[in-house]
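Chain residues, written in single-letter form:
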Amino acid sequence: MQTWQSELKRFALLLALALLVGRIVGYTLLASMVFLVGYVIHSFYQLWRLQKWLSLDTSHSQTTLPESYGLWGAVFDGIYRLQKRERKASAYLESIIDKAQESSAALEMGVIMINKYNNLDWWNRASESLLGLKYPQDRNQSVTNLIRNPEFTEYFYNENYGETLKVPVSGSSDQVLEFQIALFGEHERLIIVRDITQLHRLESMRKDFVGNVSHELGTPITVIKGYLEAILDHIDDVGKKWRDPILQMQQQSIRMESIVRDLLVLTALETKTPPRTQDRINLAELLSEIQCDSEQVFNEKHHKFILECNPNLYIEGQRNELYSAISNLVVNAAKYTAEGGEILLRARFTEESTFSIEVHDNGIGIEPRHIPRLTERFYRVDVSRSSESGGTGLGLAIVKHILARHQAILQIESELNKGSVFSCVFPRDSVTCVEEPGDLPNINKVVTTRSEDQIS
Ligand code: ADP
């Protein structure tokens, strides 16, 4: 403001001087015209200097500011100050980028930045050795051209980056890479690559070991169980005092047999890739079958079983696996609920765009601290109670694995002494609702059946 005032004052003073001189010499108009033309020429000259100065490359070398005074001096000063501030900020940013690049270059894992056109922008040294990337040839190349793997391409474009992707390296005997992608900025991506060959080898050794041991234990346990049964049949020959110990041995051999069977199921789930073809299963029929079977097993507990399911729902998956997962949950509900309890099996579309198959019970419930660990192998809340009821501690681990093979997850809600809800949450598109002709479209239409009136 101050500068503008002084400039206006100077302009008025010079104009007055020009008028005075013009008056003295008798050419007032000419003098004022000469002054105005001079002023315009001066302004153009300053603009020309400014433009010339701005066109110099100021990013690398310091350029000297053109000398000026008044309004033009203030304009030059202002622009110079802005330039200085911007230079400082970009130097600071550059130093941060340099540090980030240096630290990620030192990482053992590969880090790759992908721009919004899915081309490689930047990568660290580890990515070069892991993926054979070459600088600068591969810069701006499409990532799926450089990482040629159909699974990676699907993972990259699906944008479902919650899980990591493990890919065996083609041409290498057993090298396995793990990819993880994060989205940032304007649809840019950060890919992290790790060599997990060693981890993978240990993991397969563990699976093989568990599988082999379980397999090898199968025959001895069957033999022991068979002999114990034979002894029990002729207990009078052996002596009555051996009856209880032999009965206990028989119970334990049955438990061992269940553990071995569950371990074999788990190993198969872990090692076999899910079949490509899926069954299309009528859900109400599947749930009804599970309900009937569990009811028969727990007949003496007189539970009330309720089934709520739209009879027109069809789920895609492996029938035997889904049967096993849901029946594990229903059996648990019946096991951990006192006599005369209520067990509800409900299938429904949820508000979160998923589909859930829920098993509700009003049994003993679970303390919150146990819930996150329930799907770990052999984790049991109350070891003695679980062993008494023939539990192996492997049931929920099996459920979790089966659900993962169906892109589903297990959710557990429970309150001690009130009951529990175990929900298998599937992606919405795993389930279709096929309305019978004449039916009104209603995906959550429910048909309730109780123990007495089963769906046939
Ligand atoms: P188990 O064979 O011992 O039942 P699971 O893996 O099926 O093993 O379950 C792990 C533990 O979770 C069980 O030991 C039990 O303590 C608890 N649990 C599972 N389902 C229920 C339920 N419906 N109500 C209460 N506790 C449960």
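Placed above this text is the structure.
Please read all numbers here as calculations on a predicted model, not as lab measurements.

(A) Region of the structure containing unusual backbone geometry. Following tyrosine 135, the chain continues to proline 136 via a peptide bond in cis, the omega torsion being 5 degrees. Within the element layout of this structure, proline 136 appears in the loop between helix H4 (125-131) and helix H5 (143-146). The backbone phi angle of glutamine 407 is positive, close to 55 degrees, even though this residue is not glycine. Tracing the chain through its elements places glutamine 407 in the loop between helix H13 (395-405) and strand S11 (409-415). Taking relative accessible area as the criterion, glutamine 407 reaches 58% and is therefore assigned exposed. Residue asparagine 417 is not a glycine yet carries a positive backbone phi of 65 degrees. Of note, asparagine 417 is situated in the loop between S11 and strand S12 (419-427).

(B) Quick peek at the packing of helix H10 (residues 283-297) against helix H11 (residues 319-335). Two elements in contact, H10 and H11, have axes whose closest approach is 10 Å; the angle formed by their N-to-C orientations is 45 degrees. Here H11 runs oblique to H10, going by the angle between their axes. The chirality of how H10 crosses H11 is right-handed. Contacts between H10 and H11 pair Leu286, Leu287, Glu289, Ile290, Asp293 and Ser294 from the former with Arg319, Leu322, Tyr323, Ile326, Ser327, Val330 and Val331 from the latter. Grouping the amino acids of the contact of H10 with H11 by side-chain chemistry returns 8 nonpolar, 2 polar and 3 charged.

(C) Fine view of the environment of serine 327. Here serine 327 lies in helix H11. Judged by its relative accessible area of 15%, serine 327 is buried.

(D) Quick peek at the side chain of lysine 225. Relative to the assigned elements, lysine 225 resides in helix H7 (residues 197-233). Judged by relative accessible area, which is 17%, lysine 225 ranks as buried. Side chain to side chain, lysine 225 and glutamate 257 meet in a polar contact 2.9 Å long. Among all residues touching lysine 225, those that are not within four sequence positions of it are Ser253, Ile254 and Glu257.

(E) Structural detail: the sheet that holds strand S5 (residues 188-195). The sheet built from 5 strands is open, its strands ordered S2-S1-S5-S4-S3 with antiparallel pairing. Each end of this open sheet is capped by a strand with a single partner; those strands are strand S2 (120-123) and strand S3 (165-168). If you compare each strand with its neighbour and ignore which way they point, the axes differ by 25 degrees on average. In terms of strand pairing, S3 meets strand S4 (residues 176-184) through 4 bridges, oriented antiparallel. Bridge pairing in S4 links leucine 165 to phenylalanine 179. Relative to the sheet, helix H6 (residues 150-158) contacts strand S1 (110-114), S3, S4 and S5, its axis offset from that of S4 by approximately 20 degrees.

Conventions adopted
Residues numbered from 1 in each chain as written. Predicted model: local features only at pLDDT ≥ 70, side-chain atom pairs only at ≥ 80, totals over all residues. Heavy atoms only, no water. Helix = DSSP H or I, 4+ residues; strand = E, 2+ residues; numbered from the N terminus. Buried < 20%, exposed > 50% of the residue type's maximum accessible area, 1.4 Å probe, protein only. Axes fitted to C-alpha atoms, helices over the stretch in contact; angles between N-to-C directions. Parallel < 35°, antiparallel > 145°, perpendicular 65-115°, else oblique. Left-handed = near helix turned anticlockwise from the far one by under 90°. Contact = heavy atoms within 4.5 Å. Nonpolar A, V, L, I, M, F, W, Y, C, P; charged D, E, K, R; others polar. Polar contact = N/O pair within 3.5 Å; in protein donor to acceptor, adjacent residues only side chain to side chain. Pairing = 2+ DSSP bridges.

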